[in-house]
Amino acid sequence: MNESIWLDNIEIPEFPKLNYEAKTEVLIIGGGIAGILTAYYLKNKGIDCILVEKNRICHGVTAGTTAKITAQHGLIYADILKSDGKDKAEMYLKANLSALENYKRLCKDIDCDFELKDNYVYSQSDRSGLEKEIGALEKIGYKAELVDTPNLPLKTVGAVKFLNQAQFHPIKFIKEIVKDLKIFENTFVLEVDGKTVVTNCGKIKAENIVVAIHFPFINTHGSYFLKLYQHRSYALALKGAQKLDGMYVSDSKTGLSFRNYNDLMILIGGSHRTGKIGGSYNGIEQFARIHYPQSKIQYRWATQDCMSLDKKPYIGRYSKNTADMYVASGFNKWGITGAMVSAMILSDMISGKTNEFQEVFSPSRSILKPQLAVNGFEAVTNILNPFGKRCPHMGCSLKWNKAERTWDCPCHGSRFTDDGKLLNNPANGNLKS
Ligand SMILES: Cc1cc2nc3c(=O)[nH]c(=O)nc-3n(C[C@H](O)[C@H](O)[C@H](O)COP(=O)(O)OP(=O)(O)OC[C@H]3O[C@@H](n4cnc5c(N)ncnc54)[C@H](O)[C@@H]3O)c2cc1C
């Protein structure tokens, strides 16, 4: 039961392990939705591309997603309008609406349970935040609706509604688009040395490298160890819960998210910074018992995503000093549209075209945001803490997660089994015994 709903009853195509010294125009590291969509777009542009995945494709965060396809990422537009101005807010919206349109077009020919659904961001306490978001959206030319009583078993003060967004089965989608891609599984990238990538089973020389491994592990450029942290969430798929009229998510980072898949309802919650106390399944199980007493838990899983400093992902050149290395990360739990935006931007940049959205998502934008101080504080206190097992990524002291029986890093979110095997990066190897 402790496996994502999307991995049950599905056959994902298998790919060989790298077994020769390869050369390619583009090497993509990471077989989640961001890497795979980028490879798909590059291939469609006629660019020679290899993708390597350390385990099996689609078994990372992409397997644990809620798979809502929407340009509504919490109450983000008021924030972007305030911090970056109208042009950038418009571009963020346009990029994500284009991503939605691209999914609509691709999914026409793919059997992946794609359905148009309205998306709602509800609040339990802050009506003025919802009004501000509606105002910001109006300023950038998007008509969203303020709904007074969203159809949820919660007391709310309203919700912002985006019409005609979508939901799908992410793995059914990916399993079709990977068919003609050149992929090597069980091929673990250990080091990137200029244009040579060293894996556990040989080297690859590449003109361009795309790092789409969720949390980038190359620390010498880009300062991703300062720009990102991870946030863990818990999911239940409930039978006999509620037929919803749309997809719902809270305006709060620790609130609940709801969507249906066939006759099941996916309920997500209990979120917390990885390596810190909080969440787990208790809260959502209790919520289900109280509000859906007749329901039964069919699936249960936990997952985590990378959170950026300013709620926007990092898509583009890995850093100012790495001309031919690119990144797609920091999706803030909106990496389904984020992955499509990555594919659009990176395939243009690599083929020598300027993409109209690239500046908004540039990984080299300012890092002077309040979250930087929080990330810095966590790193310093946990690196200096002399007790406990050390994370091989940067030497932070790991915390024991009793509920999942894992060692979790409060700095960057790497996780390990109780006997030290790597579960989540940015650490790139097991714990030393
Ligand atoms: C609870 C939750 C709900 C979410 N719901 C939504 C939603 O409704 N809508 C939405 O838009 N987004 C959602 N997201 C976010 C979205 O699912 C993720 O942002 C997205 O799946 C990330 O994809 P990815 O390709 O970057 O990462 P991953 O899927 O993790 O892929 C990265 C891959 O890289 C591989 N890798 C790592 N290191 C190496 C290495 N050294 N060598 C080779 N391979 C390596 C890993 O094995 C992995 O397969 C949600 C996230 C969470 C946590």
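A brief structural summary. (Residues numbered from 1 in each chain as written. Predicted model: local features only at pLDDT ≥ 70, side-chain atom pairs only at ≥ 80, totals over all residues. Heavy atoms only, no water.)

## A look at the side chain of Ser 397
Position of Ser 397 among the secondary structure elements: in the loop between helix H10 (370–384) and strand S18 (399–401). In terms of polar contacts, Ser 397 uses its side chain to reach the backbone carbonyl oxygen of Phe 387, at 2.7 Å. (Helix = DSSP H or I, 4+ residues; strand = E, 2+ residues; numbered from the N terminus. Polar contact = N/O pair within 3.5 Å; in protein donor to acceptor, adjacent residues only side chain to side chain.)

## Brief notes about the nonpolar core
In this structure, Tyr 77, Tyr 103 and Phe 173 are the most contacted members of the largest nonpolar core, which totals 90 residues. Among the elements that line this core, the one with the most residues is helix H8 (residues 335–350), at ten residues. Aside from chain neighbours lying at most four places away, what touches Tyr 103 is Ile 33, Leu 37, Ile 69, Phe 114, Phe 168, Phe 173, Ile 336, Thr 337 and Met 340. Judged by nonpolar contacts, the second largest core, of 28 residues, contains Ala 22, Ile 204, Ala 206 and Phe 217. (Core = buried A, V, L, I, M, F, W, Y, C linked by side-chain atoms within 4.5 Å. Buried < 20%, exposed > 50% of the residue type's maximum accessible area, 1.4 Å probe, protein only. Contact = heavy atoms within 4.5 Å.)

## Regarding the state of the cysteines
Taken as a whole and assessed by the stated rule, the structure comprises one disulfide. What pairs with Cys 396 in a disulfide is Cys 411, and their sulfur atoms sit 2.3 Å apart. Disulfide Cys 396 to Cys 411: torsion about the S-S bond roughly -110°, handedness left-handed. Of this pair, Cys 396 sits in the loop between H10 and S18 while Cys 411 sits in the loop between strand S19 (406–408) and strand S20 (415–417), and the two are 15 residues apart along the sequence. Accessibility assignment for this pair places Cys 396 and Cys 411 in one class, buried. (Disulfide = S-S within 2.5 Å.)

## Re the packing of helix H2 (residues 76–84) against helix H3 (residues 86–107)
For any two helices packed against each other, the geometry comes down to the angle between their axes and how far apart the axes lie. Interaxial distance between H2 and H3 falls to 7 Å at its minimum, and their mutual angle equals 145°. As for the relative orientation of H2 and H3, their crossing is right-handed in sense. In this structure, H2 uses Ile 76, Tyr 77, Ile 80, Leu 81 and Asp 84 to contact H3, whose residues at the interface are Lys 86, Lys 88, Ala 89, Tyr 92 and Leu 93. Here the contact of H2 with H3 is built from residues that sort into seven nonpolar, no polar and three charged. (Axes fitted to C-alpha atoms, helices over the stretch in contact; angles between N-to-C directions. Left-handed = near helix turned anticlockwise from the far one by under 90°. Nonpolar A, V, L, I, M, F, W, Y, C, P; charged D, E, K, R; others polar.)

## Notes on the pattern of salt bridges
Counted by the stated rule, this structure contains 30 salt bridges. Close ionic contact of Lys 175 with Glu 176 constitutes a salt bridge, the shortest N to O distance being 3.8 Å. Owing to a relative accessible area of 23%, Lys 175 belongs among the partly exposed residues under this scheme. Lys 276 serves as the salt-bridge partner of Glu 378, at 2.9 Å between the closest nitrogen and oxygen. Separated by 102 residues along the polypeptide, Glu 378 in helix H10 and Lys 276 in the loop between strand S14 (264–273) and helix H7 (282–291) bring together distant segments of the chain. When its relative accessible area of 8% is taken as the criterion, Glu 378 is described as buried. A single network of salt bridges, built from pairs that share partners, joins Asp 84, Asp 310, Lys 312 and Arg 365. (Salt bridge = Lys/Arg side-chain N within 4 Å of Asp/Glu carboxyl O.)

## Let's talk about unusual backbone geometry
Between Asn 425 and the following residue, Pro 426, the backbone shows a cis peptide bond with an omega angle of 25°. As for its position among the elements, Pro 426 is in the segment after strand S21 (422–424). Phi is positive for Ser 223, which is not a glycine, with a value near 50°. Position of Ser 223 relative to the elements: it lies in the loop between strand S10 (202–211) and helix H6 (224–227). Residue classification places Ser 223 among the partly exposed residues on the basis of a relative accessible area of 27%.

## Here we look at H10
Here H10 is 15 residues long and its end C-alpha atoms lie 22 Å apart, about the 21 Å a rise of 1.5 Å per residue gives. Taken together, the buried positions of H10 are Gln 371, Leu 372, Asn 375, Glu 378, Ala 379 and Asn 382. Projected onto a plane normal to the axis of H10, the buried residues spread over an arc of 130° and lie on a single side. With respect to the buried face of H10, the exposed residues turned more than 90 degrees away are Pro 370, Ala 373, Phe 377 and Leu 384. (Expected span 1.5 Å × (residues − 1). Arc of directions from axis to C-beta.)

Limitation: the analysis is restricted to geometry and does not speak to function.
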